[in-house]
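Each chain, letter by letter, is given below.
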Amino acid sequence: MIRIAARTLRHHMSGFIVSFVALFLGAVIVIGSGGLLETGIHNAAPPHRLAAAPIVVTGDQRYKYTQKDLVFPERLRIDAELTDKIVKVPGVAAAVQDMSFPAALVKGGKVTGHGWSSARLSPYQLTDGTAPTKDGQIVLGKAFADRTGLTTGERIQLLVHGTQKGYQVSGLATGPDDGGDDESDVFLADAEAARVADRVGTTDNIGVFPASGANTQEVASAIRAVLDGSPVTVLTGDNRGRAEDPDVVADGSDLIPLAAAFGGLSAMVTVFVVAGTLGLSIQQRQREMALLRTIGSTPGQLRRLILGETLFLAVVATGLATIPGPRFGRWLLDAFADAGVVPGSIAYRAGSVPVIVGVGTALLTAIGSAYIAAQAAARTRPIEALAEATLQRRWFSAFRLIVGLLCMAGGAALAWGTAGSAGPDAAGVATPAAMVWAAAFGLLGPVVVRAMVAVLRRPVGMVSGLAGQLAAHNARARTARLASAVMPVMLASGLAVGLIYMQTTQSEGAERAFDENLRADAVVTSASGGLPLDLVDTVRRQPGVAAASAQIPTTGYIEPDEPMRPGEGEGAGPQPTELSMQGVTPQGLDRTTAYHASSGSLTALSGDSVALPATYAKDRELGDLVPMRLGDGTQVKLKLVATVEGRRGYETALVPASVLVGHTDGALVPQIMVTASAGTDRARLMASLAKLAALQPGLRVSDTDALKAAQAEADDTQAWMAYLVLGVVVGYATLSLINTQVLATTERRKEFMLQRLIGATRRQVLQMMAVEASLVALAGIVLGLLVAGATLVPLSMSVLGTALPGGSPWILVVVLAAAAALTLTTTLLAAGAVLRGRPGDMAGIKD
């Protein structure tokens, strides 16, 4: 029977080619997604700037002893005195402090500053001049100097930590990161670097060099023992990159749910596409199966025949997919990194597990689909076989109905969860909901298709005449075949509409929250990365200024009343409440933003105080001390002086800027919001503020359109990621749509031949196929809209408070028109190819 299976492959090439393509591409996508998932689990970040140090000691960014993993968003700096302890550890030859701070050259743009000792960690080496040994000296990267035309001995102006100071270029150096990028490293004398960056007594990292012959891992273990109890972590190998970029710890883990969602969605589409193409291919061989049953083939032999064909095809397709699969995963990681979704320092790390999972998924899907189709053929008794092949009797099963209804219940539960989620989190529930709804309507598709055909048969016949009536009869007689053709149309249209509008709705929700809170007319920023806090009062005193307030965005945590103790073990304690936090100056806050107190007063925001969103302060009274952690892990107790309202999911706690400013990476005010006084237009206001540049070097003044553009750019990053996922998944479903329509059409060669022999013209056959294609497109679009609607309505209710999603209605028009046009075009092109030549040639009759 296996030999027969191998021989039958060449007689049904069109069906097997379609199935082969579906299996191959599905396996490639799942293998690539699995590789992305494993990469997120490893979260490896090979070092670059710290590559010369085999061991790196840095602050521990993890929020310890909580139920779920949390990572502090601001860098935790460590005590510089730890360097002396590390040097005394046996096996340590040297320990070097590393510190980085944002800066800018007045003529040259943004740079990153370090102490000269940090150059040993890259390593950077002097190619010209001398090292900076005293105040007022600076070393530049050689490629940066060549690009800007700077040479040794020149004087430059450096903006750092809100001040400007002149430096003499004492030398030029080259290193692994000095490749001529827009931003470069510069080096000052160690003491001056700590002083100008306001980091005296602290450092970012400590690079450790083991003694000659010492074992790196043993030395690292000894350092951990000496530093036990300090808020630090000791890194070796690829993990050292986490010290260079703490975002690897904070954002690298985001790759896991991202890859899981992408892989799960891709796997679901793969299951439906492969099952649909294989099922359709086998359905179209009903007459062959019937003949085998009538000549004495047993049910087991028929099953082995079908499974043998499918297994041979699946092994070849998935085996070939193992070659491009990992490359596809690496391409996905690079694409996500380029878009800023994940840190660019994360390295692709995937072994054999993603390949095994991808191949296994494709094989199980293929064999499962073939087994179900084979069971239907094998259950038919020989005497009924030919009749079964001619007239489809079993078009639906009880098992399919039960599973479809269960998926409907699951989709309803997820829809309820989506509607109940906060706006920014709703998409995380809506994405699996779309998958479950697609499965439900896919399983129940034959019921819907049969009902639609029953409703549309008469109108179609009246509008399109005899060709339409014949198409309607074909659809009614072969519901299962029609449903198989409808499935990829549903997937392509439903997922395209659902995923696109999911992103546009999320973007509109974020934009509304941003716009509703914006009351300022201008914003003051700095080229050096931030402004001193006392500049807010200076700005407020300028002519034409009615109000000015600092804004320092970060993330904070409300600690549980009974925090977990270290001895209780990881994952056993209560979970802190994470929330957005804004450092502000209360004077002018009501004029520059839309924040208003629902209880208490925002003018009381001074000292160690906080204004919590009302939803986070339900069990607290004004005057209570709220235990909190700031973005760098610092524990504080802040007095509750007010509560504020906010759009659901976008609530923000307000804290005096003086409390937050020292606990952010920049330790400065990123922006000052300014509102013009009555009678002062925006141009005059900005001109007045621009005069402050003489007092504050690097100061920049812009209107609030710049803030909106920055917000839009952040939204575009998330949108790009969503559209990448959309392009891969929907592109695969669209390719399946094309393949399925071609297969469903070309396998009807004998039917078309018979119609031509009894007098039907080529045009009449094409008219019939146009009507059938229209029915397929209509049914697929209706099911796709049901999938999209069931997903988007609860999402829109959560994010926008309305049932209508955000985004242009033209998106819907374009997607549906494209789905219909694609279905109609591929069907007619395939039918036209089949109908080439004379009927006698098609029947094998020669003149």
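It should be noted that the structure appears before, not after, this text.
Calculation notes
- For every chain, the first residue of the written sequence is number 1, and numbering continues from 1 onward in sequence order.
- Side-chain atom pairs in this predicted model are given and counted only at pLDDT of 80 or more, local residue features only at pLDDT of at least 70, and totals for whole chains, interfaces and linings cover all residues.
- For the side-chain quantities, the full set of heavy atoms in the structure was used; hydrogens and water were omitted.
- Each helix is a run of H or I in the DSSP string that is no shorter than four residues. Each strand is a run of E no shorter than two, and both are numbered from the N terminus.
- In the analysis that follows, any N or O atom pair within 3.5 Å is treated as a polar contact, provided that within protein one partner can donate a hydrogen and the other can accept it, and provided that, for residues neighboring in sequence, both atoms belong to side chains.
- Take the residue count of a helix, subtract one, and multiply by 1.5 Å to get its expected span.
- A simple rule labels every residue: compare its accessible area, found with a 1.4 Å probe on the protein chains alone, to the largest value its type can have, and call it buried under 20%, exposed over 50%, or partly exposed in between.
- Residue contacts are counted whenever heavy atoms from the two residues lie within 4.5 Å of one another.
- Strand pairing follows a simple DSSP-based rule, namely that at least 2 bridges must link the two strands.
- What is meant by a nonpolar core is a set of buried Ala, Val, Leu, Ile, Met, Phe, Trp, Tyr and Cys residues, joined one to another through side-chain atoms within 4.5 Å.
- Note on definitions: salt bridges are taken to be side-chain nitrogens of Lys or Arg within 4 Å of carboxyl oxygens of Asp or Glu.
- Like charges are joined within 9 Å and nonpolar side chains (Val, Leu, Ile, Met, Phe, Trp, Tyr) within 5 Å, but only among residues with over 30% relative accessible area and no salt bridge; these make up the patches.
- Only the protein chains shown count as cover for residues, and all accessible areas are computed by the Shrake-Rupley method using a 1.4 Å probe.

Engineer: Can you explain the environment of Y124? Please cite residues and give values.
Structural biologist: In this fold, Y124 is placed in the loop between β7 (109-115) and β8 (125-129). At 3.1 Å, the side chain of Y124 and the side chain of D185 are in polar contact.

Engineer: Tell me about helix α11 (residues 299-321), and please be specific about residues and values.
Structural biologist: With 23 residues, α11 should cover 33 Å at 1.5 Å per step; its first-to-last C-alpha distance of 32 Å lies within 8% of that length. Among all positions in α11, only G300, L302, L305, I306, G308, E309, T310, L313, A314, A317, T318 and A321 are buried.

Engineer: Any details on the side chain of Q542? Residues and values, ideally.
Structural biologist: Note on placement: Q542 falls in the loop between α19 (535-540) and β17 (545-558). Not counting residues within four places of it along the chain, the set of residues in contact with Q542 comprises S688, L689 and L692.

Engineer: A description of the environment of A667 should follow, citing residues and the corresponding values.
Structural biologist: Within the element layout of this structure, A667 appears in the loop between α21 (657-660) and β24 (671-676). Note on A667: relative accessible area 24%, which makes it partly exposed. Linking A667 and R199, residues 468 residues apart in sequence, is a C-alpha distance of 9.9 Å. If we ignore the near neighbours within four places in the chain, the residues touching A667 are H161 and V661.

Engineer: Which residues make up the pairing of strand β23 (residues 652-656), and what are the values?
Structural biologist: Of all 5 residues in β23, 5 are buried; the element is thus mostly enclosed. By the alternation rule, side chains of β23 split into T652, L654 and P656 and A653 and V655, which are all buried. The sheet contact formed by strand β18 (residues 577-584) and β23 spans 5 bridges and is parallel. Looking across to β23, one finds that S580 is bridged to T652.

Engineer: Tell me about the nonpolar core, and name the residues and values.
Structural biologist: Counting residues in each nonpolar core, the largest one holds 100 residues, and the members touching the most others are V269, F336 and L491. Contacts of L491, omitting those with residues within four sequence positions, involve M268, V269, F272, V273, A438, A496 and A733. F101, A103, V111 and V160 belong to the second largest nonpolar core, which has 22 residues in total.

Engineer: Got a sec to walk through the pattern of salt bridges? Specific residues and values, please.
Structural biologist: Here the structure, examined in full by the defined rule, presents 13 salt bridges. A salt bridge links D60 to R62, with the shortest nitrogen-to-oxygen separation between them at 3.1 Å. Residue class for D60 comes out buried when judged on its relative accessible area of 7%. Residue R629 is joined to E559 by a salt bridge in which the shortest nitrogen-to-oxygen separation is 2.7 Å. Of this pair, R629 sits in strand β21 (residues 625-629) while E559 is found in the loop between β17 and β18, placing the two residues 70 residues apart along the sequence. Among the residues examined, E559 registers a relative accessible area of 9% and is labelled buried. A cluster of three or more residues bridged by salt bridges with shared partners is formed by D60, R62 and K64.

Engineer: Account for unusual backbone geometry, with residues named and values stated.
Structural biologist: Between S122 and the following residue, P123, the backbone shows a cis peptide bond with an omega angle of -5°. Secondary-structure assignment places P123 in the loop between β7 and β8. For A667, which is not glycine, the phi torsion reads 55° and is therefore positive.

Engineer: Describe a nonpolar patch on the surface, and please don't skip the residues or the numbers.
Structural biologist: A contiguous nonpolar patch, built from F312, V316, L320 and I323 and spanning about 360 Å² of accessible area, is present on the exposed surface. Within the secondary structure, V316 sits in helix α11.

Engineer: So what about the environment of A337? Which residues, and what values?
Structural biologist: Residue position: A337 is located in helix α12 (residues 324-338). Among all residues touching A337, those that are not within four sequence positions of it are V342, P343 and G344.

Engineer: Break down the pairing of β21 for me, with residues and values.
Structural biologist: Note on strand geometry: in a regular strand, side chains alternate between the two faces of the sheet. Burial analysis of β21 places 4 of its 5 residues in the buried class, which makes it a mostly covered element. In this structure, β17 lies alongside β21, joined through 2 bridges in antiparallel fashion. Among the inter-strand pairings, I558 is bridged to a residue of β21, identified as M628. The sheet contact formed by β21 and strand β22 (residues 635-644) spans 5 bridges and is antiparallel. In the strand pairing of β22, L625 is matched with K639. Counting the residues that bridge the hairpin from β21 to β22 gives 5 residues, and of these G633 lies at a positive phi of roughly 90°.

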